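Given next are the chains, with one letter for each unit.
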Protein chains: 2
Amino acid sequence: MSIEAKPTRERILDAALDLLTAGQGVRMGDVAKQAGISRQALYLHFGTRTELLVATTLHLDQIKGRDARLAPVRAAETGLERLRLWVQAWCAFVPEIHGLARALMDQSVTDAEAALAWAARMEDMRQGCQAALAMLARDGSLRAGMPVDQATDLLWMLLSVQNWEALVQVRGWSQVDYAQQMERQALEMLTGRVGNP
Amino acid sequence: MSIEAKPTRERILDAALDLLTAGQGVRMGDVAKQAGISRQALYLHFGTRTELLVATTLHLDQIKGRDARLAPVRAAETGLERLRLWVQAWCAFVPEIHGLARALMDQSVTDAEAALAWAARMEDMRQGCQAALAMLARDGSLRAGMPVDQATDLLWMLLSVQNWEALVQVRGWSQVDYAQQMERQALEMLTGRVGNP
DNA sequence: AGGATGACTTGACATCGTGTCAATAGAGGC
DNA sequence: GCCTCTATTGACACGATGTCAAGTCATCCT
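Residues numbered from 1 in each chain as written. Chains lettered and ligands numbered in written order. Predicted model: local features only at pLDDT ≥ 70, side-chain atom pairs only at ≥ 80, totals over all residues. Heavy atoms only, no water.

(A) Layout of the protein's contact with DNA strand C. Around DNA strand C, the surrounding shell holds 15 residues, and the nearest of these are A:Arg39, A:Arg49, B:Thr8, B:Ser38 and B:His45. Sugar and phosphate atoms constitute 60% of the interface atoms of DNA strand C, taking the interface as everything within 4 Å of the protein. Between DNA strand C and A:Arg27 there is a distance of 3.1 Å, counted from a phosphate oxygen to a side-chain nitrogen or oxygen. A:Met28 has a polar backbone atom sitting 3.3 Å from a phosphate oxygen of DNA strand C. Elements supplying a minimum of two residues to the surface near DNA strand C: helix H3 (39-45) of chain A together with helix H3 (39-45) of chain B. Element by element, the count of residues in the surface near DNA strand C is highest for H3(B), at four residues. When its residues are assigned to classes, the surface near DNA strand C shows five nonpolar, seven polar and three charged. (Near = heavy atom within 4 Å. Polar contact = N/O pair within 3.5 Å; in protein donor to acceptor, adjacent residues only side chain to side chain. Helix = DSSP H or I, 4+ residues; strand = E, 2+ residues; numbered from the N terminus. Nonpolar A, V, L, I, M, F, W, Y, C, P; charged D, E, K, R; others polar.)

So this is what it looks like as structure tokens:
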């Protein structure tokens with residue numbers, strides 16, 4: 001399709017993505033201007049700001065090929081390998097989705113629907129944790145005496161977007177250091193075996 | 001002092017504390033009503049909502065005797081003991097300050113001054129982590145090959161208010177389970193030695 | 001007693017962003 | 001020629017913060 005052949009809806013999503021992944025404080029008017037339409041026209045496509053944010057996250061998933069990139073994780077044969085791959089895949093994802101995630105979290109302050117949408121996405125991520133840990137338990141590699149549920153919650157907490165913000169944005173860690181530490185801490189915490197220093 | 005002898009400023013802070021520790025979505029008008037004054041009178045004492053929130057956190061610290069309760073932590077003789085005491089003290093603190101913390105974090109979305117105030121408090125907490133870990137390093141108990149700075153950041157992340165929210169509020173952990181896991185994970189992560197199952 | 005001061009009240013108003021509504025315009029389908 | 005869909009402009013309501021002005025009331029000073 002040519003440059004201007006893109007339907008308006010998609011131009012809006014692209015605009016929203018541009019602005020949201022870049023800076024913060026994105027208003028409906030900003031998105032409209034970036035998409036080259038009027039603010040009111042925006043409301044013809046997305047009834048509320050929350051609706052736009054949610055649609056944009058789906059759009060982002062599609063663009064980044066979230067599903068395809070998770071295929072290797074699902075294909076892992078051992079629990080240990082699956083855990084490692086899952087942590088790496090997620091860690092690589094966080095910076096990509098962060099702007100949008102932040103916008104959705106901020107929106108949750110005043111909008112219950114946004115809170116719900118964000119919670120659903122986090123629950124989805126938790127499923128990824130759960131799947132890896134169930135496999136780990138199946139292999140007998142899960143730490144002795146640790147229930148899968150507890151392990152899931154701990155891993156889910158460890159991998160939270162807020163923790164990424166804390167280490168990378170606030171404390172200035174490199175993405176590589178972040179991912180390395182997350183993998184190491186996850187493995188030790190959940191297998192109970194200490195890795196290399 | 002008698003019931004009504006309290007100066008207005010204090011009645012306001014008490015009112016704010018009441019509302020903020022209880023529910024969310026506290027407006028200036030709500031606080032004023034609870035304190036028994038007009039909304040405008042509130043602005044005679046606190047110029048902005050952020051100012052009120054910050055003053056209320058200080059007020060809370062004072063009421064809860066934050067300083068006194070940290071004395072045993074500072075008195076610890078070994079790094080291991082200090083780390084353990086610090087984690088426990090902080091974990092016990094989080095639910096007490098949570099309402100206010102949440103309000104300040106939410107305020108940070110739209111107000112840079114609030115963001116600064118919250119960051120300062122978090123930096124303060126980080127100092128507590130740093131002190132414990134410096135002592136741990138002095139004792140030679142810090143995990144081999146782990147710089148104190150890195151350890152500090154990891155502990156700081158682990159103990160974040162957001163992580164408490166995730167485990168206790170979202171996942172429904174009990175406060176006891178939360179504190180136990182935090183202590184265990186902190187000790188293992190930072191000493192490199194695995195504890196009891 | 002007279003007068004200033006300080007704390008508080010009521011009421012109106014500006015601002016900012018979201019979301020709504022009405023009137024209008026152009027393009028394409030049939 | 002008419003209909004519908006998309007978009008435009010302009011005005012407006014709402015909710016919360018913060019400001020401004022005018023007036024009340026008690027207390028303190030001398």
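Following the structure, the description resumes.
(B) Here's a closer look at the protein's contact with DNA strand D. Contacts to DNA strand D come from 15 residues, most closely from A:Thr8, A:Ser38, A:His45, B:Arg39 and B:Arg49. In DNA strand D, atoms within 4 Å of the protein come from the sugar-phosphate backbone in 59% of cases. Interatomic distance of 2.3 Å between a side-chain N/O atom of A:Thr8 and a phosphate oxygen of DNA strand D. Within the side chain of A:His45, one N or O atom sits 2.5 Å away from a phosphate oxygen of DNA strand D. Taken together, the elements giving at least two residues each to the surface near DNA strand D come down to H3 of chain A together with H3 of chain B. At four residues, H3(A) tops the list of elements feeding residues into the surface near DNA strand D. By residue class, the composition of the surface near DNA strand D is five nonpolar, seven polar and three charged.

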